[in-house]
Amino acid sequence: MAPIAVGDVIPDGTVAYFDEQDQLQEASIHSLAAGKKVILFGVPGAFTPTCSVKHVPGFIEKAGELKSKGIADILLISVNDPFVMKAWAKTYPDNKDVKFLADGSASYTHALGLELDLSEKGLGTRSKRFALVVDDLKVKVANIEAGGEFTVSSADDILKAL
């Protein structure tokens with residue numbers, strides 16, 4: 001399948017997360033993104049160095065600037081289970097704006113066409129690193145990294161594109 005691109009409508013799919021009351025929830029991506037402008041960004045894995053030290057902190061730190069440019073929500077997706085995503089989210093105690101979403105079986109990642117086979121490294125199917133700006137389900141910006149790079153999908157890259 002071709003990767004998601006500018007002009008495409010994002011596919012619907014189900015993700016899982018823990019809410020503010022620490023209850024496991026499932027939600028459709030469309031329910032989280034319909035009728036508003038959101039950032040959907042994906043990372044290869046929770047607790048991995050580039051994701052944890054650069055990619056996620058950038059969106060947490062720049063959330064105010066992103067919201068001032070019309071972004072309603074910042075959605076992080078990773079091919080991990082919701083318990084791992086919950087534990088990872090807790091390592092960012094100052095985070096109030098990035099929602100950590102689990103795509104445990106990579107089904108949504110496959111629907112986006114952004115899967116990355118890291119089997120040779122013992123990680124199985126993961127997500128490419130990416131950042132999308134989605135306005136009422138339509139992709140306006142699609143910054144998708146090649147391999148394990150981190151050159152076009154940062155919060156600063158998205159700020160420049162807004």
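Only a predicted model underlies this, so the values are computations on that prediction, with no experimental measurement involved.

Rules used throughout
Residues numbered from 1 in each chain as written. Predicted model: local features only at pLDDT ≥ 70, side-chain atom pairs only at ≥ 80, totals over all residues. Heavy atoms only, no water. Helix = DSSP H or I, 4+ residues; strand = E, 2+ residues; numbered from the N terminus. Rg over C-alpha atoms; globule rule 2.2 N^0.38 Å. Buried < 20%, exposed > 50% of the residue type's maximum accessible area, 1.4 Å probe, protein only. Contact = heavy atoms within 4.5 Å. Areas by Shrake-Rupley, 256 points an atom, 1.4 Å probe, with all protein chains shown as cover. Core = buried A, V, L, I, M, F, W, Y, C linked by side-chain atoms within 4.5 Å. Pairing = 2+ DSSP bridges. Phe/Tyr/Trp six-rings, centres within 6.5 Å; stacked < 30°, edge-to-face > 60°. Lys NZ or Arg CZ within 6 Å of the ring centre and 35° of its normal. Polar contact = N/O pair within 3.5 Å; in protein donor to acceptor, adjacent residues only side chain to side chain.

(A) How the structure looks around the overall build of the chain. Counting secondary structure elements, the chain contains six helices and nine strands. For the chain, the C-alpha radius of gyration of 14 Å lies close to 15 Å, the compact-globule estimate for 162 residues. C-alpha extents for the chain along the principal axes are approximately 40 × 40 × 25 Å. Per-residue burial for the chain yields a buried fraction of 48% across its 162 residues. Look at the contacts in the chain between residues 6 or more apart in sequence, and 63% of them connect residues 24 or more apart. A total of about 7600 Å² of accessible surface is found on the chain, and carbon and sulfur atoms cover 50% of it.

(B) Just the nonpolar core, in detail. If you look at the biggest cluster of nonpolar residues, it comprises 25 residues, and the most contacted ones within it are I39, F41, F59, I74, L76 and W88. Broken down by secondary-structure element, the contributors of at least two residues to this core are β3 (37–43), α2 (49–61), α3 (63–68), β4 (73–78), α4 (82–89), β5 (98–102), β8 (130–135) and α6 (155–161). Considering each element in turn, this core owes the most residues, four residues, to α2. The residues contacting F41, other than those within four sequence positions of it, are H55, V56, F59, I74, L75, L76, I77, V98, F130 and A131. Within the second largest apolar cluster, 21 residues are counted, among which are V15, L112, L114 and V134.

(C) Quick peek at the pairing of strand β1 (residues 14–18). Among the five residues of β1, four are classified as buried, and the element is accordingly described as predominantly covered. As paired elements, β1 and strand β2 (residues 24–28) share five bridges and run antiparallel to each other. Across the sheet, residue V15 finds its bridge partner in β2, namely A27. Between the end of β1 and the start of β2, which pair antiparallel, lie five residues, with D22 showing a positive phi angle near 65°.

(D) Here's a closer look at the packing of aromatic side chains. A complete count under the given rule lists six aromatic pairs for this structure. Over the face of the ring belonging to F18 we find K86, whose NZ or CZ atom lies 4.5 Å from the ring centre.

(E) Up close: the environment of G64. By the element assignment, G64 lies in helix α3. For the pair G64 and D97, spaced 33 residues apart in sequence, the C-alpha to C-alpha distance is 8.6 Å.

(F) Seen up close, the environment of D73. Position of D73 relative to the elements: it lies in strand β4. Judged by its relative accessible area of 24%, D73 is partly exposed. It is 8.1 Å that separates the C-alpha atoms of D73 and A33, two residues lying 40 residues apart in sequence. Among all residues touching D73, those that are not within four sequence positions of it are L32, K36, K37, V38 and I39. In this structure the side chain of D73 is engaged in a polar contact, spanning 2.7 Å, whose partner is the side chain of K36.

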